[in-house]
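Examination of the molecular architecture
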Amino acid sequence: MAIRMRFLAFLSAVLVLAAAPARAAEIVPDALAAVQAEVAERCKTAVYGDDFADTVDFNNDRLPDAIFNLGAVNCDGVPGGLCGNVGCPHEFYIQVAEGGYFLAANADLYGYDMKKRFGNMVLELKADAASCGRDDDEYCTMTIRVRNARFETISKK
């Protein structure tokens, strides 16, 4: 039973910050346009909230990256219509020096904050408890450092 729980916790953690699917290496000139095109495939009418897009250098390379909260989309008249029972999809795009962005990760989250730790920005993610190997109703708070395009978990609680 303990091995099974550890495996499920590991699987959940992998799914929360899974590397992007097949289009991960695809460079898009405009991350916002790419995400809006993706939303347009799922929603006939989309209204974007104020917290839909955030531009911040989350991988500390001095280039502005982009985070998109698909939970801020009113999809066909349903606020948060793209969310599921374990949070709302968030997409993390990293800008490359040559120009353009690539989808580095996506995760179902209840929210995130940017914090500065030891001079570097880190992501503090609120995820489902299963991401921390628990089955309670509390959030799992994960602190993630991004180096280049690699997401490293610093802590989980």
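Residues numbered from 1 in each chain as written. Predicted model: local features only at pLDDT ≥ 70, side-chain atom pairs only at ≥ 80, totals over all residues. Heavy atoms only, no water.

All right, on to the sheet that holds strand E10 (residues 120–127) then. As a general point, the strands of a sheet are linked pairwise by backbone hydrogen bonds and lie either parallel or antiparallel. Read from one edge to the other, the open sheet built from 4 strands follows the order E9-E10-E11-E12, with strand pairing classed as antiparallel. Edge positions in the open sheet fall to strand E9 (111–117) and strand E12 (150–156), since each of these has one partner strand only. With strand direction ignored, the average angle separating the axes of adjacent strands in the sheet is 30°. Looking at chain direction, strand E11 (residues 140–147) and E12 are connected through 6 bridges and run antiparallel. (Pairing = 2+ DSSP bridges. Helix = DSSP H or I, 4+ residues; strand = E, 2+ residues; numbered from the N terminus. Axes fitted to C-alpha atoms, helices over the stretch in contact; angles between N-to-C directions.)

Positioned with a positive phi, Asn60 is a non-glycine residue whose angle comes to about 60°. On the secondary structure map, Asn60 appears in the loop between strand E3 (53–56) and strand E4 (65–69).

With that out of the way, let us pick up the pairing of E11. Here E11 lies mainly inside the structure; 6 of its 8 residues are buried. Examined bridge by bridge, E10 and E11 share 5 bridges and lie antiparallel to one another. Bridge assignment links Glu124 to a residue of E11, and that residue is Thr143. The antiparallel pairing of E11 with E12 creates a hairpin that spans 2 residues between the two strands, and Asn148 there sits at a positive phi of about 55°. (Buried < 20%, exposed > 50% of the residue type's maximum accessible area, 1.4 Å probe, protein only.)

Glancing now at the confidence of the model for the protein chain. Taken as a whole, the protein chain shows an average pLDDT of 86; of its residues, 84% reach a score of 70 or greater. Counted against residues more than four places away or in other chains, residues 1–24, with its pLDDT under 50, gives 33 contacts. (pLDDT = per-residue confidence, 0-100. Contact = heavy atoms within 4.5 Å.)

Moving on, we get to a nonpolar patch on the surface. A contiguous nonpolar patch, built from Val86, Tyr110 and Tyr139 and spanning about 260 Å² of accessible area, is present on the exposed surface. Residue placement: Tyr139 occurs in the loop between E10 and E11. Given the relative accessible area of 44%, Tyr139 is considered partly exposed. (Patch = residues over 30% accessible without salt bridge, like charges linked within 9 Å, V, L, I, M, F, W, Y side chains within 5 Å. Areas by Shrake-Rupley, 256 points an atom, 1.4 Å probe, with all protein chains shown as cover. Salt bridge = Lys/Arg side-chain N within 4 Å of Asp/Glu carboxyl O.)

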